[in-house]
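# Residue-level structural notes
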Amino acid sequence: MVSVHMTPVPRSAVVAYRDDGMLSRAMGTMVAGQLPPLPPAVAGAFVTGVLLLVGIAGTDGLAVFAPAVALLLAGPGSSHRHDGRLDWLVPPILRLTEYGFVACVGFAHDVPPLLTFALLGAVVFHHYDTVYRVRQHVYPPLWLPLAGLGWDGRMLAVAVGGALGLVTGMFALLCLYLTGLFCWESATCWLAAPRSGVEAADLGAGD
């Protein structure tokens, strides 16, 4: 029999949508929630977009780390409560930048398009699953973003593959790992959670 511990939904569910990895969480801890999340996320996305436009995704060596490092500007904002009027924009900005970075690196290094789409599909599935869980008041376990590397870890892994000239291999490895992890965890949770999810949703509706 499968048993899943249901984590309570935090006051601001926007934090759940960020999908922060270990590095972003550590950087957020350093500023103790004092940094508004939107400006650094916008700055990181802008710098990453500019670097991708000038062709950094197609380079070899350490240069490919530039967009990933630039996006880490958004990391310190991870500990904020995301209760500002426009803070809901942070997760879409992070999603757009991560997806764009992965796609650009994949196409620039001649990764088979099917493999690129498969990797992006695994990440998109995880993000959709997270959104649907929060809507049902079934918050994903705290270890899942860490095991899934977070947006920051996935971007750095892709950058490592670019620096080592092993982009296709890194894409394949990430695709297999993330697809297995996210599908297994999602199926396990939803098979074990129907009654708990309904009860939690009813409780949230009554508050």
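Reading guide: rules and limits
Residues numbered from 1 in each chain as written. Predicted model: local features only at pLDDT ≥ 70, side-chain atom pairs only at ≥ 80, totals over all residues. Heavy atoms only, no water. Helix = DSSP H or I, 4+ residues; strand = E, 2+ residues; numbered from the N terminus. Buried < 20%, exposed > 50% of the residue type's maximum accessible area, 1.4 Å probe, protein only. Contact = heavy atoms within 4.5 Å. Polar contact = N/O pair within 3.5 Å; in protein donor to acceptor, adjacent residues only side chain to side chain. Axes fitted to C-alpha atoms, helices over the stretch in contact; angles between N-to-C directions. Parallel < 35°, antiparallel > 145°, perpendicular 65-115°, else oblique. Left-handed = near helix turned anticlockwise from the far one by under 90°. Nonpolar A, V, L, I, M, F, W, Y, C, P; charged D, E, K, R; others polar. Patch = residues over 30% accessible without salt bridge, like charges linked within 9 Å, V, L, I, M, F, W, Y side chains within 5 Å. Areas by Shrake-Rupley, 256 points an atom, 1.4 Å probe, with all protein chains shown as cover. Salt bridge = Lys/Arg side-chain N within 4 Å of Asp/Glu carboxyl O. 1 Å grid on protein atoms, 1.4 Å probe; cavity = no way out; pocket = protein on both sides within 12 Å on 5 of 7 lines; lining within 4 Å. Points joined across faces, edges and corners; volume = space filled by probe spheres on them.

Okay, the overall build of the chain next. Counting its regular elements, the chain contains 10 helices and 0 strands. Traced from its N-terminal end to its C-terminal end, the chain shows the element sequence α-α-α-α-α-α-α-α-α-α. Each of the 207 residues in the chain was classed as buried or not, and the buried ones make up 45%. The long-range share in the chain, meaning contacts at least 24 apart out of those at least 6 apart in sequence, stands at 85%.

On to the side chain of arginine 18. Tracing the chain through its elements places arginine 18 in helix H1 (residues 14-18). Side-chain polar atoms of arginine 18 contact the backbone oxygen of alanine 74, separated by 3.1 Å. Residue contacts for arginine 18: discarding those within four places in its chain leaves Pro37, Ala74, Gly75, Gly77, Ser78, His82, Val90, Pro91, Leu94, Arg95 and Trp151.

Our next topic: the packing of helix H8 (residues 150-164) against helix H9 (residues 167-192). Running from N to C, H8 and H9 cross one another at 155 degrees; their axes reach a closest spacing of 7 Å. By the angle class used here, H8 and H9 are roughly antiparallel. The two elements H8 and H9 cross, and the hand of that crossing is right-handed. Each of Arg154, Ala157, Val158, Val160, Gly161 and Gly162 in H8 lies in contact with H9, whose residues at this interface are Val167, Met170, Phe171, Leu174, Leu178 and Phe182. Across the contact of H8 with H9, the residue classes tally to 9 nonpolar, 2 polar and 1 charged.

Let's shift gears to a nonpolar patch on the surface. Together, Phe46, Val47, Val50, Leu53, Val54 and Leu73 make up an exposed nonpolar region whose accessible area comes to about 610 Å². On the basis of relative accessibility, which here comes to 75%, the residue leucine 53 falls in the exposed class.

Attention now goes to the packing of helix H3 (residues 38-53) against helix H5 (residues 90-108). The contact between H3 and H5 brings their axes to 10 Å, and the two run at 20 degrees. The orientation of H3 with respect to H5, classified from their angle, is roughly parallel. H5 is crossed by H3, and the crossing has left-handed handedness. Residue-level contacts link Leu38, Ala41, Val42, Ala45, Thr48 and Leu52 of H3 to Val90, Ile93, Thr97, Gly100, Phe101 and Cys104 of H5. Grouping the amino acids of the contact of H3 with H5 by side-chain chemistry returns 9 nonpolar, 3 polar and no charged.

Here we come to empty space enclosed by the protein. Scanning all chains against the criterion turns up 2 cavities of 30 Å³ or more. In this model, the largest cavity occupies a volume close to 60 Å³. Glu98, Tyr99, Val102, Leu119, Leu120, Val123, Arg154, Val158, Leu174 and Leu178 are the residues that line the largest cavity. Mapped by element, the contributors of at least two residues to the lining of the largest cavity are H5, helix H6 (113-135), H8 and H9. Taken together, the residues of the lining of the largest cavity break down into 8 nonpolar, no polar and 2 charged.

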